[in-house]
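The residues making up each chain are set out below.
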Amino acid sequence: MATEDSSVDYFVREIEKNDGSVLRMYQCSKGDVGCVVWDAAIVLSKYLETEQFCSTQSGNSTWSSKKMIELGAGTGLVGLVAATLGANVTVTDLEDLQPLLQLNIRKNEHLISTGSVAAKVLKWGGNVEDFLPHPHYILMADCIYYEQSVVPLVETLKVLAGPETCIICCYEQRTVGVNPEIENRFFELLLQDFQSEDIPPEKQDPEFNSPDIHILHLRRRVS
Ligand SMILES: C[S@@+](CC[C@H](N)C(=O)[O-])C[C@H]1O[C@@H](n2cnc3c(N)ncnc32)[C@H](O)[C@@H]1O
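Residues numbered from 1 in each chain as written. Predicted model: local features only at pLDDT ≥ 70, side-chain atom pairs only at ≥ 80, totals over all residues. Heavy atoms only, no water.

Any chance you could break down the packing of aromatic side chains for me, citing the residues and the numbers?
Scanning all chains against the criterion turns up 7 aromatic pairs. Centroid distance Tyr171 to Phe187: 5.3 Å. Interplanar angle 50°. Geometry classified as tilted. Of the two residues, Tyr171 is situated in strand β7 (residues 166–172) and Phe187 in helix α5 (residues 179–190); the sequence distance between them amounts to 16 residues. By relative accessible area, Tyr171 is classed as buried at 9%. Looking at Phe187, the relative accessible area reads 13%, which means it is buried. Ring centres of Phe186 and Phe187 lie 5.0 Å apart, and the angle between their planes is 80°; on these two criteria the pair is classed as edge-to-face. According to the relative accessible area criterion, Phe186 is buried, its value standing at 1%. Cluster of aromatic residues (ring-pair linked, three or more members): Tyr47, Phe53, Trp63 and Tyr137. If you follow Lys120 out to its NZ or CZ, it ends over the ring of Phe131, 5.4 Å from the centre. (Phe/Tyr/Trp six-rings, centres within 6.5 Å; stacked < 30°, edge-to-face > 60°. Helix = DSSP H or I, 4+ residues; strand = E, 2+ residues; numbered from the N terminus. Buried < 20%, exposed > 50% of the residue type's maximum accessible area, 1.4 Å probe, protein only. Lys NZ or Arg CZ within 6 Å of the ring centre and 35° of its normal.)

Laid out in C-alpha cells, this is it:
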C-alpha cells in the first residue's frame, strides 16, 4: 500500500468538485515538473465536470464506464477526477512519478464509487501493448513542453488511439523561448494523422478557463 515517504516534503492542494467533494492532491516541494498540479490539469478536470458531460439533474455522466488513459499524469488529478465521474482510468507517467501517483490514488479513492483508477508506467515512445484495446479517451494536460519528447509523444498517441478514440488535450500556450517551436512541431506532426476541434471558452468551466490554456478534441482522420 502506498504511504507517505518520510524523506519527502509534501504540500497538499485541495480541489473542490462541483458536487462539493474535495480531492486532496499531494505535491512534492522538490522534484521534477510532474510533482505539482499544473493549471492545465485544473482546467481539464473542471471541463470534464461541465454540465454537457455530467448532468446535475440526472446524475448521468458521459464518462461512466469509459476506458481512459491519462498520459504524463504527474500527480494524477485529471485521471482521478475522471474516475470519480465513473470512468475506468489508468493514470500513466514515468517510473519516478509512480509513488506520488499511488499516494494520490490512496488519498482520494474513497471519492470513487462506480469508476476505477490504477497507475502504470508509460514512457512515451515505448511499448503500449499493456494498454490495448484502444481506450475511449486519452487525456493529457500540459504534456507539450519538452523538445526531446515531441516525436515519442506523437508516436504514443498514434499507436494508442484507435479509430473511435478521442484525445482530450489541454495545454498552456507559452510564448517564451523554444516553447512556440515545440508546440508547432507537435501539432505539425500530430495533425498529419488527426483532426482537431478547439473547445471554445463557453463550453469550458465558467470560472476555470484562461485565454492561454487551450482544450482540443483530437480524432483520427478518416482516410
Ligand atoms: C508539466 S507536467 C504535467 C503533469 C500533469 N499532467 C499536470 O498537468 O499537472 C508533464 C508530465 O509529463 C511527464 N513526462 C515527461 N516526459 C515523459 C515521457 N517521455 N514519458 C512519459 N511521461 C513523461 C512528466 O513526468 C510530467 O509528469
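Before we move on, could you go through the pairing of strand β2 (residues 22–28) and cite the residues and values that matter?
The buried fraction of β2 is high, at 5 of 7 residues. Connecting strand β1 (residues 10–16) to the next strand, β2, in antiparallel fashion are 5 residues, including Gly20 with a positive phi near 95°. (Pairing = 2+ DSSP bridges.)

Describe the nonpolar core, naming the residues involved and giving the relevant values.
Trp63 and Ile168 are the most contacted members of the largest nonpolar core, which has 40 residues in total. When residues of this core are assigned to their parent elements, the largest contribution, 7 residues, is made by helix α1 (residues 39–48). If you look at the next biggest cluster of nonpolar residues, it comprises 27 residues, including Trp124, Cys143, Phe187 and Leu189. (Core = buried A, V, L, I, M, F, W, Y, C linked by side-chain atoms within 4.5 Å.)

Give me the lowdown on the site of the ligand, citing residues and values where you can.
Of all residues adjacent to the ligand, which total 18 residues, the nearest are Trp38, Gly72, Asp93, Trp124 and Ala141. Backbone polar atom of Gly72 to a nitrogen atom of the ligand: 2.8 Å apart, as the coordinates give it. The contact in question runs from a nitrogen atom of the ligand to an N or O atom on the backbone of Ala141, over 2.8 Å. Burial of the ligand by the protein amounts to 94% of the accessible area it has alone, namely 600 Å². Here the ligand occupies the largest pocket. (Near = heavy atom within 4 Å. Polar contact = N/O pair within 3.5 Å; in protein donor to acceptor, adjacent residues only side chain to side chain. Areas by Shrake-Rupley, 256 points an atom, 1.4 Å probe, with all protein chains shown as cover. 1 Å grid on protein atoms, 1.4 Å probe; cavity = no way out; pocket = protein on both sides within 12 Å on 5 of 7 lines; lining within 4 Å. Sits in = over half its atoms within 2 Å of the grid points.)

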